[in-house]
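# Remarks on the overall topology
The primary structure of each chain is shown beneath.
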Amino acid sequence: MSAPTPDDPAVADGSGDDHYLVGLDLRGRRVVLIGGGSVVTRRLGTLSASGADIHVIAIDPTPTVESFPGITVERRAYRDGDLDGAWYALACTDDAEVNAAVVAEAERRRIFCVRADDARHGSAVTPASIQHDRLNIGVLASGDHRRSARIRSEIGQGLIDGTLGTAVPGTYPAGVALVGGGPGDPELITVRGRRLLAAADVVVADRLAPPALLAELAPWVEIIDAAKVPYGRAMKQEAINQALIDHARAGKFVVRLKGGDPYVYGRGFEELAACVQAGVAVTVVPGITSAIAAPAAAGIPVTHRGVTHEVVIVSGHLRPGHPDSLIDWPALARLRGTIVLMMAVERLEEFTAALIEGGRDPQTPVAIIEHASMPTQRSVTADLATAGDTARAQDIRPPAIVVIGEVAAFDALTGSLGRVSA
């Protein structure tokens, strides 16, 4: 039996043999996209990651397409000959005749071509794809794009939550990953952070690391409690550093799981430096810092157009005037923007007093967010003069974030800008 041709009814109606799934090495090779709308916007990321030499020809490309780094964009209509030298092409305009002409040129030049508006009449189709843990996974469903996208999403979710392709000991080479776990809600860890955590042989966990993530670990994973309780028990930093190094040298993949971001009051760089000096491979996975996430979870933006153009994140670990403090409190008080205090609840009255003494308005709004992003989250509001008393009266306990500035009076439910709108 002869192979079906593109004009064969069995191919045209989608009832013929399915497509042959293949990976293309496009590094440095010319790829031409005709059109500059939403379809091209969706394709540019993966094409760029492949290392392709991308050329876009479009009459009116979107701002995202036109400003996409590392590609060539020509603002004009398609002309026959535009596929000269191409290895791969995509016809993505909203004009069926133009797309048909692009496919026809591709056929003459023997260039595989995707036709976005009618996949049956192109010589290639784009699979619904996902990248995960050094895997490139593509799904084709005989032209049923909604089905392929749905299956792709289900595969991706299974890989992320560990129900599919569960890691086994030794999945990753020996080394250390410093992972930011986010503000507390286990769903706010990054995708990469969750993937590496699922592959860990050893997890060295902070007190503020999302506990629900630890419950998901495989039974063979060793968990080391590296908690630092404020004014209480704490694992010494030198011991933490040594634990990371010793387990990595023993051939283990170690995840140092922290709350928030490893580099925002997380001593992450100290741990990275210790690993590097010991010759241990280490990578850093940023996390969502509670300094930004806690206000957001309470409906408070740390910046707002026309209200504040700056946000300063300040440690409350040391009181004002302490000989080891590096904070210029008088200079901080003179700023007009948002101040976010971390680790500050125990000494809040001292910090607010220093700001008032430095010239900050005592009526400046203050919001205090406890257990941000968790089911137990609660927020209280006050002003700079009464914030300390309010925190004590409401029995606010760490972890809590203090937001000082006009944005602290914003009300997300009503859209009110507090004092600014008065």
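The notes below deal with the structure included here. (Residues numbered from 1 in each chain as written. Predicted model: local features only at pLDDT ≥ 70, side-chain atom pairs only at ≥ 80, totals over all residues. Heavy atoms only, no water.)

## Some thoughts on the overall build of the protein
Of regular secondary structure, the protein possesses 13 helices and 17 strands. Considered along the principal axes of its C-alpha atoms, the protein spans approximately 85 × 60 × 35 Å. Here the protein, with 422 residues, has 40% of them falling under the buried criterion. For the protein, the exposed surface amounts to about 22,300 Å²; the carbon and sulfur share of it is 53%. (Helix = DSSP H or I, 4+ residues; strand = E, 2+ residues; numbered from the N terminus. Buried < 20%, exposed > 50% of the residue type's maximum accessible area, 1.4 Å probe, protein only. Areas by Shrake-Rupley, 256 points an atom, 1.4 Å probe, with all protein chains shown as cover.)

## Section: the nonpolar core
Formed by 22 residues in total, the largest nonpolar core has its most connected members in W329, L341, L355, I368 and I404. When residues of this core are traced back to their parent elements, those giving at least two are α11 (329-334), β14 (338-342), α12 (348-357), β15 (365-370), α13 (387-393) and β17 (400-404). Among the elements that take part in this core, α12 stands out by supplying four residues, more than any other. Not counting the four nearest positions on each side in its chain, L355 is found in contact with W329, L332, A333, I339, R360, L384 and I404. Judged by nonpolar contacts, the second largest core, of 18 residues, contains L197, A205, L213 and V221. (Core = buried A, V, L, I, M, F, W, Y, C linked by side-chain atoms within 4.5 Å. Contact = heavy atoms within 4.5 Å.)

## Quick notes on the sheet that holds strand β9 (residues 202-205)
Sheet architecture is open: five strands sit in the order β10-β9-β11-β8-β12, paired in parallel fashion. Strands with a single pairing partner mark the edges of an open sheet, and in this sheet they are β10 (222-225) and β12 (282-285). Pairs of neighbouring strands in the sheet enclose a mean axial angle of 20°, with direction left out of account. Two strands pair when backbone bridges link them, and strand β8 (residues 175-180) and β12 are joined in this way by four bridges, in the parallel orientation. Bridge assignment links L178 to a residue of β12, and that residue is V284. (Pairing = 2+ DSSP bridges. Axes fitted to C-alpha atoms, helices over the stretch in contact; angles between N-to-C directions.)

## Overview of helix α10 (residues 290-297)
Among the residues of α10, S290, A291, A293, A294 and P295 are the ones counted as buried. Against β13 (311-315), β14, β15 and β17 lie the buried residues of α10. In the segment just after α10, G299 is the residue with positive phi, at about 85°.

## Brief notes about the environment of V114
Examined against the element boundaries, V114 turns out to sit in strand β5 (residues 112-115). What makes V114 buried here is its relative accessible area of 8%. With 23 residues separating them along the chain, V114 and A91 place their C-alpha atoms 6.1 Å apart. Once you skip the residues sitting within four places of it in the chain, V114 turns out to touch Y88, A89, L90, A91, A124, V125 and T126.

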